[in-house]
Amino acid sequence: MAVNRIITFGCSNTVGEACSTNWPKELGLLLDCEVVNCAEIGCSGRYIIHAMRHFKFEKDDVCIVAWPEITRYCWLKGEYNFEHIGVWKDSDSTLYKKYFSDYHAEQDFYLYEDYARLYAKQNNITYLDYLSCYTFVNTSKHKMELHDYGTDDKHPGKLSHIIFAQQIRKDINDGTVF
């Protein structure tokens, strides 16, 4: 498969928080191609959909999403005006406790996942998606595994990023795309 660029979306686990590398960078090295990492620390599935819709994809780009923890949410106030919320930010959030539940979050995840796949298909974008290491939903997707930890002892370490990049390269080479 021809790969122009790798375009990635995800949260701090895709940014490479507390680590000297990240899986998008390692994947770019493995495939010898440009990587545009659109990940944002603390983001939600809603934000990823928003970011995908506003990204200017080019021919032969490969879009890869590593879905973040599902209880996160994003208030979209405008194209460049948003606020990330969720238990990661404030475990005593009355807003989250009043309006959301884990069940609600799981249902939103499936909507975002389906929308991303449909958006990619309708726009002829090669698309793969995975779960980042702290995302727990009932699915058969590959998931980023924790083989080691970053300097904060919370985020994936270098080995975790390298192994995840190798899995994605295998999927690309095997044609495991949507």
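Read on for an overview of the structure.

How each quantity is defined
Residues numbered from 1 in each chain as written. Predicted model: local features only at pLDDT ≥ 70, side-chain atom pairs only at ≥ 80, totals over all residues. Heavy atoms only, no water. Helix = DSSP H or I, 4+ residues; strand = E, 2+ residues; numbered from the N terminus. Rg over C-alpha atoms; globule rule 2.2 N^0.38 Å. Buried < 20%, exposed > 50% of the residue type's maximum accessible area, 1.4 Å probe, protein only. Contact = heavy atoms within 4.5 Å. Areas by Shrake-Rupley, 256 points an atom, 1.4 Å probe, with all protein chains shown as cover. Axes fitted to C-alpha atoms, helices over the stretch in contact; angles between N-to-C directions. Parallel < 35°, antiparallel > 145°, perpendicular 65-115°, else oblique. Left-handed = near helix turned anticlockwise from the far one by under 90°. Nonpolar A, V, L, I, M, F, W, Y, C, P; charged D, E, K, R; others polar. Polar contact = N/O pair within 3.5 Å; in protein donor to acceptor, adjacent residues only side chain to side chain. Expected span 1.5 Å × (residues − 1). Arc of directions from axis to C-beta. Core = buried A, V, L, I, M, F, W, Y, C linked by side-chain atoms within 4.5 Å.

## Quick look at the overall build of the chain
Moving on, step 1. Tallying secondary structure elements over the chain gives six helices and six strands in all.
Moving on, step 2. Its helices and strands taken in sequence order, the chain reads β-α-α-β-α-β-β-β-α-α-β-α from the N to the C terminus.
Moving on, step 3. What you see for the chain is a C-alpha radius of gyration of 16 Å, in line with the 16 Å of a compact globule of 178 residues.
Moving on, step 4. The C-alpha extent of the chain, read off along each of the three principal axes, is 45 × 40 × 30 Å.
Moving on, step 5. Evaluated residue by residue, the chain yields a buried proportion of 46% over its 178 residues.
Moving on, step 6. Pairs at least 24 residues apart make up 68% of the contacts formed inside the chain by residues separated by at least 6 positions.
Moving on, step 7. Approximately 9,300 Å² of the chain is accessible, and the part contributed by carbon and sulfur atoms is 49%.

## Section: the side chain of Glu 113
Moving on, step 1. By the secondary structure assignment, Glu 113 is in helix H5 (residues 102-122).
Moving on, step 2. When neighbours within four sequence positions are excluded, Glu 113 is seen to be in contact with Trp 67, Tyr 127, Asp 129, Thr 139 and Lys 141.

## Observations concerning the packing of helix H3 (residues 45-54) against H5
Moving on, step 1. At a closest axis distance of 10 Å, the pairing of H3 and H5 adopts a crossing angle of 15°. Classified by the angle between their axes, H3 and H5 sit roughly parallel to one another. Considering only the axes of H3 and H5, their crossing is left-handed. Together, Gly 45, Arg 46, Ile 49, Met 52 and Arg 53 of H3 and Tyr 112, Tyr 115, Ala 116 and Tyr 119 of H5 make up the contact between the two elements.
Moving on, step 2. A per-class count over the contact of H3 with H5 returns six nonpolar, one polar and two charged.

## Things to note about the side chain of Asp 129
Moving on, step 1. Topologically, Asp 129 is positioned in strand S6 (residues 126-131).
Moving on, step 2. Given the relative accessible area of 5%, Asp 129 is considered buried.
Moving on, step 3. A polar contact is formed between the side chain of Asp 129 and the side chain of Trp 67, at a distance of 3.0 Å.
Moving on, step 4. Within the structure, the side chain of Asp 129 is placed 3.2 Å from the side chain of Tyr 127, a separation counted as a polar contact.

## Describing helix H6 (residues 158-174)
Moving on, step 1. For H6, which comprises 17 residues, the first-to-last C-alpha distance of 24 Å matches the rise-based estimate of 24 Å (1.5 Å per residue) to within 8%.
Moving on, step 2. Within H6, burial applies to Ser 160, His 161, Phe 164, Ala 165, Ile 168, Asp 171 and Ile 172. Down the axis of H6, the buried set is contained in an arc of 130°. They therefore lie on one face.
Moving on, step 3. Against strand S1 (5-9), helix H1 (12-15), helix H2 (23-31), strand S3 (62-67) and S6 lie the buried residues of H6.

## Some thoughts on the nonpolar core
Moving on, step 1. If you look at the biggest cluster of nonpolar residues, it comprises 29 residues, and the most contacted ones within it are Phe 9, Met 52, Cys 63, Val 65, Trp 67 and Tyr 127.
Moving on, step 2. Mapped onto this core, the elements with two or more residues apiece are S1, H3, S3, strand S4 (73-78), H5 and S6.
Moving on, step 3. Among residues more than four places away in sequence, those in contact with Met 52 are Phe 9, Phe 57, Cys 63, Val 65, Ala 116, Tyr 119 and Tyr 127.
Moving on, step 4. Of all hydrophobic cores here, the second largest spans 15 residues; its members include Ile 64, Tyr 130, Cys 133 and Ile 172.

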